[in-house]
Amino acid sequence: MLIQLTYASRTARALGPADIKDILGASQRNNLKAGITGSLCLNNGIFLQQLEGDRAAVNALYHRLLKDIRHRDTAVLDFCEIPHRRFTGWSMGLLTSVEANRQLFLKYSSSADFDPYSMSTATLRSFFEEVMQNVRWLE
Ligand SMILES: Cc1cc2nc3c(=O)[nH]c(=O)nc-3n(C[C@H](O)[C@H](O)[C@H](O)COP(=O)(O)O)c2cc1C
């Protein structure tokens, strides 16, 4: 069964480019094997990740993620069955707060800071819908 899980977390410490490279490298390698796709946003010290794939595979990954000391305050924001994937081309895409993406983050925020913890399910879904169409991705 194909599902989508969206969660947020806070960086446990200031993460540098090497940390991000390590997270993305492991994600792309493992997710490809596990048939998981998705995207990871990092803005203002908050991660927002949407994972798509087989229910058991995504659950197993989420349990692994909970043990990762690079982030804390992990909270599931949305979990649902989906008819198809959205991020078909991405074993894990990364979206950061570069200038070109700032307006996108702001568009879905009620305050000046992007705060996924306070976003409704509908807003989160619209955000990720747009993420696929109009962002500057980091390789
Ligand atoms: C915010 C965040 C997102 C992550 N996303 C993934 C992911 O999508 N897939 C993955 O395999 N690991 C992800 N990781 C890394 C895992 O927690 C873990 O370090 C990694 O899967 C271990 O892989 P390895 O055993 O191949 O080194 C993420 C870590 C963080 C902090």
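The rules we used
Residues numbered from 1 in each chain as written. Predicted model: local features only at pLDDT ≥ 70, side-chain atom pairs only at ≥ 80, totals over all residues. Heavy atoms only, no water. Salt bridge = Lys/Arg side-chain N within 4 Å of Asp/Glu carboxyl O. Near = heavy atom within 4 Å. Polar contact = N/O pair within 3.5 Å; in protein donor to acceptor, adjacent residues only side chain to side chain. Areas by Shrake-Rupley, 256 points an atom, 1.4 Å probe, with all protein chains shown as cover. Helix = DSSP H or I, 4+ residues; strand = E, 2+ residues; numbered from the N terminus. Expected span 1.5 Å × (residues − 1). Buried < 20%, exposed > 50% of the residue type's maximum accessible area, 1.4 Å probe, protein only. Arc of directions from axis to C-beta. Pairing = 2+ DSSP bridges. Phe/Tyr/Trp six-rings, centres within 6.5 Å; stacked < 30°, edge-to-face > 60°. Axes fitted to C-alpha atoms, helices over the stretch in contact; angles between N-to-C directions. Contact = heavy atoms within 4.5 Å.

### Quick word on the pattern of salt bridges
Thought 1: Tallied over the full model, the rule gives eight salt bridges.
Thought 2: Within the structure, one salt-bridge network assembled from shared partners comprises Arg-10, Arg-72 and Asp-73.

### Some details on the site of the ligand
Thought 1: Of all residues adjacent to the ligand, which total 17 residues, the nearest are Ser-27, Arg-29, Asn-31, Arg-64 and Asp-68.
Thought 2: In the model, an oxygen atom of the ligand is placed 3.0 Å from a nitrogen or oxygen of the Arg-29 side chain.
Thought 3: In this structure, an oxygen atom belonging to the ligand sits 2.6 Å away from a side-chain N or O atom of Asp-68.
Thought 4: Coverage of the ligand by the protein chains reaches 80% of its 620 Å² of free accessible surface.
Thought 5: Those elements that provide at least two residues to the shell around the ligand are helix 1 (17-34), strand 3 (46-54) and helix 2 (55-66).

### Observations regarding helix 4 (residues 121-133)
Thought 1: Under the 1.5 Å per step criterion, the end-to-end length of helix 4 is 19 Å for 13 residues, consistent within 8% with the ideal 18 Å.
Thought 2: Along helix 4, the positions that sit buried rather than exposed are Leu-124, Phe-127, Phe-128, Glu-130 and Val-131. Along the long axis of helix 4, the arc covered by the buried residues comes to 165°, so they all point the same way. Across from the buried face of helix 4, at angles greater than 90 degrees, the exposed residues are Ala-122 and Gln-133.

### Let's talk about the pairing of strand 3
Thought 1: Of all nine residues making up strand 3, eight are buried, and the element is well covered by its neighbours.
Thought 2: Looking at chain direction, strand 1 (residues 2-11) and strand 3 are connected through nine bridges and run antiparallel. Residue Thr-6 lies in a different strand from strand 3, and its bridge partner there is Gln-50.
Thought 3: Two strands pair when backbone bridges link them, and strand 2 (residues 37-43) and strand 3 are joined in this way by seven bridges, in the antiparallel orientation.

### Structural notes on the packing of aromatic side chains
Thought 1: As enumerated under the stated definition, the model contains seven aromatic pairs in all.
Thought 2: Here Tyr-108 and Phe-127 contribute two aromatic rings whose centre-to-centre distance is 5.7 Å and whose plane-to-plane angle is 75°, an arrangement assigned as edge-to-face. One end of the pair, Tyr-108, is in the loop between helix 3 (99-107) and helix 4; the other, Phe-127, is in helix 4, and 19 residues separate them in sequence.
Thought 3: For Tyr-108, a relative accessible area of 14% translates into the label buried.
Thought 4: Looking at Phe-127, the relative accessible area reads 0%, which means it is buried.
Thought 5: Through pairs of rings, three or more aromatic residues link up here, namely Phe-87, Phe-105, Tyr-108, Phe-114, Phe-127 and Phe-128.

### Some points on the sheet that holds strand 1
Thought 1: The mixed open sheet is built from five strands, whose spatial order is 4-1-3-2-5. Of all strands in the sheet, those with a lone pairing partner are strand 4 (71-81) and strand 5 (93-96), marking the two edges. Going from strand to strand, the sheet's axes swing by 15° on average, the running direction of each strand aside.
Thought 2: Bridge analysis of strand 2 against strand 5 gives four bridges, and the strand direction is parallel. From the neighbouring strand, Leu-40 faces strand 5, where its bridge partner is Leu-94.

### Digging into the side chain of Gln-49
Thought 1: With respect to the helices and strands, the residue Gln-49 is situated in strand 3.
Thought 2: Looking at Gln-49, the relative accessible area reads 4%, which means it is buried.
Thought 3: Engagement of the side chain of Gln-49 in a polar contact is seen with the side chain of Tyr-7, the distance being 2.5 Å.
Thought 4: Apart from residues no more than four positions distant in its own chain, Gln-49 is found in contact with Leu-5, Thr-6, Tyr-7, Ser-39, Leu-40, Leu-65, Met-92 and Phe-128.

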